[in-house]
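Structural overview for review
Next come the chains, spelled out residue by residue.
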Amino acid sequence: PARIVIANILANPLVVLAPLLAGLTLPGGRIALAGILAEQVAAVLAAYAGAFDMRCEAEDEGWVLLTGQRRH
């Protein structure tokens with residue numbers, strides 16, 4: 001497990017990998033997810049909502065960066 005996990009891949013793999021990435025993030029650790037189109041944000045947020053407090057950190061030309069902190 002790590003204090004920081006970063007993934008820059010497309011939304012569908014991020015959704016599928018949510019349990020694995022959550023398991024790799026220490027409680028209190030941070031996650032950054034990129035490679036997400038603006039219209040896909042809701043699906044990705046839903047996939048990580050059970051383990052992380054997530055937010056939209058930035059958007060540029062339709063691409064979004066989500067960040068979150070792993071709940072204890």
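Quick summary incoming for the structure in this document. What you see is a predicted model; the values in this text were computed from it and never measured.

To continue, consider the overall build of the chain. Counting its secondary structure elements, the chain contains three helices and four strands. Mapped from its N terminus to its C terminus, the chain presents α and β elements in the order β-α-α-β-α-β-β. Taken along its principal axes, the extent of the C-alpha atoms in the chain is 35 × 20 × 15 Å. Taking all 72 residues of the chain together, the buried fraction comes to 35%. Taking all contacts inside the chain whose residues are at least 6 apart in sequence as the whole, residues at least 24 apart take part in 55%. When the accessible surface of the chain is split by element, carbon and sulfur atoms take 60% of a total near 4,300 Å².

Moving on, we come to the pattern of salt bridges. Per the counting criterion, the structure on display carries two salt bridges. With a shortest N-O distance of 3.0 Å, Arg 71 and Asp 53 are connected by a salt bridge. Residue Arg 71 is found in the segment after strand E4 (63-70), and its partner Asp 53 is found in strand E3 (residues 52-60); the two are separated by 18 residues along the sequence. For Arg 55, the salt bridge goes to Glu 57, with nearest N and O atoms at 2.8 Å. The class of Arg 55 is partly exposed, set by a relative accessible area of 49%.

In this section: unusual backbone geometry. One non-glycine residue, Glu 61, lies in positive phi territory at about 50°. Tracing the chain through its elements places Glu 61 in the loop between E3 and E4. You can call Glu 61 exposed: its relative accessible area is 75%.

Calculation criteria
- Residues numbered from 1 in each chain as written.
- Predicted model: local features only at pLDDT ≥ 70, side-chain atom pairs only at ≥ 80, totals over all residues.
- Heavy atoms only, no water.
- Helix = DSSP H or I, 4+ residues; strand = E, 2+ residues; numbered from the N terminus.
- Buried < 20%, exposed > 50% of the residue type's maximum accessible area, 1.4 Å probe, protein only.
- Contact = heavy atoms within 4.5 Å.
- Areas by Shrake-Rupley, 256 points an atom, 1.4 Å probe, with all protein chains shown as cover.
- Salt bridge = Lys/Arg side-chain N within 4 Å of Asp/Glu carboxyl O.

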